[in-house]
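# An overview of the molecular structure
Residue-level listing of the chains:
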Amino acid sequence: MDSYNIALNFEDGVTRFIDCKPNEKVLDAAYRNKINLPMDCSDGVCGTCKCRAESGRYDLGDDFIEDALTEDEAAEGLVLTCQMIPSSDCVLSVPTSSTACKTAMQTYEATVAKIERHADAAIVLELDMAGGTTPTFLPGQYMNMAIPGRGVQRSYSFSSAPGADRMGFLIKMIPGGAMSEWLAQAQAGDALKLTGPMGSFYLREVRRPLLMLAGGTGLAPFLSMLEVLAQAGHAQKIHLIYGVTRDLDLVLLEELEAFTRRLPNFTYATVVADEASSHPRKGWVTQHMPNDLGPDFDAYLCGPPPMVDAVRRHFDETGIRPANFHYEKFTPNAVLETA
Ligand code: FES
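So, here is what we can say about the structure in this document. None of the values given here were measured: they were computed from a predicted structure.

Here is what the cut-offs are and how they apply
Residues numbered from 1 in each chain as written. Predicted model: local features only at pLDDT ≥ 70, side-chain atom pairs only at ≥ 80, totals over all residues. Heavy atoms only, no water. Phe/Tyr/Trp six-rings, centres within 6.5 Å; stacked < 30°, edge-to-face > 60°. Helix = DSSP H or I, 4+ residues; strand = E, 2+ residues; numbered from the N terminus. Buried < 20%, exposed > 50% of the residue type's maximum accessible area, 1.4 Å probe, protein only. Pairing = 2+ DSSP bridges. Axes fitted to C-alpha atoms, helices over the stretch in contact; angles between N-to-C directions. Disulfide = S-S within 2.5 Å. Salt bridge = Lys/Arg side-chain N within 4 Å of Asp/Glu carboxyl O. Parallel < 35°, antiparallel > 145°, perpendicular 65-115°, else oblique. Left-handed = near helix turned anticlockwise from the far one by under 90°. Contact = heavy atoms within 4.5 Å.

## Some remarks on the packing of aromatic side chains
Summed over the entire model, instances satisfying the criterion amount to eight aromatic pairs. Geometrically, the ring pair formed by phenylalanine 201 and phenylalanine 222 is edge-to-face, given 6.0 Å between the ring centres and 90° between the ring planes. Here phenylalanine 201 is found in the loop between strand S13 (191-198) and strand S14 (210-215), whereas its partner phenylalanine 222 is found in helix H4 (residues 220-232), with 21 residues between them in sequence. In this pair, the class of phenylalanine 201 matches that of phenylalanine 222, namely buried. Each ring, one from phenylalanine 266 and one from tyrosine 268, has its centre 6.2 Å from the other, and the planes form 20°; the classification is stacked. On the basis of relative accessible area, tyrosine 268 is assigned to the partly exposed category, the value being 21%.

## Quick word on the sheet that holds S13
The strand order S11-S10-S13-S8-S9-S12 describes an open sheet built from six strands, whose pairing is antiparallel. The sheet terminates laterally at strand S11 (152-157) and strand S12 (167-172), the two strands that pair on one side only. Geometrically, the sheet is characterised by an average inter-axis angle of 40° between neighbouring strands, direction not taken into account.

## Considering the pairing of S12
Summarising burial for S12: five of the six residues are buried, a large majority. Note that strand S9 (residues 122-129) and S12 share six bridges and pair antiparallel. Its bridge partner lying in S12, valine 124 is registered against leucine 170.

## Concerning the state of the cysteines
A covalent bond between the sulfur atoms of two cysteines is what we call a disulfide. The final tally for this structure, using the stated rule, is zero disulfides. Distance from the sulfur of cysteine 20, which forms no disulfide, to the nearest cysteine sulfur (cysteine 90) is 8.0 Å. For cysteine 20, a relative accessible area of 0% puts it in the buried group.

## Things to note about the pattern of salt bridges
Applying the stated criterion across every chain, the model contains 17 salt bridges. Between glutamate 24 and arginine 32 there is a salt bridge, and its shortest N-O distance comes to 2.8 Å. Glutamate 205 serves as the salt-bridge partner of arginine 207, at 3.6 Å between the closest nitrogen and oxygen. Judged by relative accessible area, arginine 207 falls into the exposed class, the value being 56%. Members of the salt-bridge network, linked through shared partners, are Asp19, Glu24 and Arg32.

## Here we look at the packing of H4 against helix H5 (residues 253-262)
The contact between H4 and H5 brings their axes to 10 Å, and the two run at 25°. Compared by their axis directions, H4 and H5 come out roughly parallel. Crossing hand, H4 versus H5: left-handed. Contact residues: H4 offers Leu223, Leu226, Glu227, Ala230 and Gln231, while H5 offers Glu255, Leu256, Phe259 and Arg262.

## With respect to the environment of glycine 303
Mapped onto the elements, glycine 303 comes out in strand S17 (residues 298-303). Separated by 84 residues in the primary sequence, glycine 303 and leucine 219 place their C-alpha atoms 8.3 Å from one another. Setting aside residues up to four positions removed in sequence, glycine 303 forms contacts with Gly215, Val308, Glu328, Lys329 and Phe330.

## Some words on the environment of alanine 75
Here alanine 75 is to be found in helix H2 (residues 71-76). Considered as a pair, alanine 75 and methionine 198 are 123 residues apart in the sequence and their alpha carbons are 28 Å apart.

## A few points about unusual backbone geometry
Omega for the bond connecting glycine 196 with proline 197 falls within 30 degrees of zero, at 0°, which places this linkage in the cis form. Within the fold, proline 197 resides in strand S13. The residue serine 42 is not glycine, and still its phi comes out positive at about 55°. With respect to the helices and strands, serine 42 occurs in the loop between helix H1 (26-32) and strand S3 (50-55). Owing to a relative accessible area of 34%, serine 42 belongs among the partly exposed residues under this scheme. One non-glycine residue with positive phi stands out, namely lysine 102, at about 60°. Residue placement: lysine 102 occurs in the loop between strand S7 (90-94) and strand S8 (106-118).

## Remarks on the pairing of strand S1 (residues 4-10)
Most of S1 sits out of view: six of its seven residues are buried. Summarising the sheet, S1 and strand S2 (residues 15-20) pair through six bridges and their orientation is antiparallel. Directly across from tyrosine 4, in S2, lies its bridge partner cysteine 20. Linking S1 back to S2 in an antiparallel pair, the connection comprises four residues, with glycine 13 at a positive phi of about 90°. Pairing analysis gives five bridges linking S1 to S7, with the strands arranged parallel. In the sheet register, isoleucine 6 faces S7, and the bridge partner there is cysteine 90.

These results come straight from atomic positions and should not be treated as a statement about function.
See below:
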């Protein structure tokens, strides 16, 4: 292994990736990558460099003192970056902003490779990177896209997996919407500027069954996550409920079908809210929750704010408590809030 990939998730939603060489401390690797993580002593004494390791394997050694990091904190996943030597790729939450660490999100130039319209419901947009290499990101994260000539930007989750040749996005069509109007006349080869990656809604280490809840084009981040899980050959039980308003909002079902063949324990169900629909499952995702996930599962949700609120209420009222509940609330115009 030449180096490990370390994701630094800052408090303002910006993610930066750095390489960390074998036996290199994360604080030193960040500095080499021109990112000034919080630090004071760099000796395991002050605790200023404390961060949370969300995933990955690492060694903290035994050269730090209890005042800097207690045993309980270390057991909870807190780390001192001035002592931390990774032995795998890791994700760290940094409790300060990217600007305080003298870094910022990165800007990328891309060109339109493909635009695929799905009735008047959604558009699959594929982008090529100018210069070739696609940005590194965590499955579930999003990019900000500046809409050419409009002076505005919109946020869209990747539907493609990290490392794919092209970046993929699933975009809701909105009559009169800035992005929808631009896409209506865009051509292959048109240029777009993106910044990111952003967001704390991303796939954590899979330690238990997963419940994925997608509202409309909130399906996008789950396609990215499922691709990563399929490539890794995961065998955990995964159930996705994909809820939409109208029948024609159900898109990319063939991709979900393909995942049922690639992931042995993946199942999904579609749900349509429209009362006039003849779909076999009608109503809201909360009315179609599986009862075979067992008491210990992680839940991920990407959908509009009322869906997030309804699912939280459902968990409260039924006493069903996922071990972890990660969600992203979005409106058609922007990603609002992640947790
Ligand atoms: Fe002081 Fe790490 S910088 S403990």
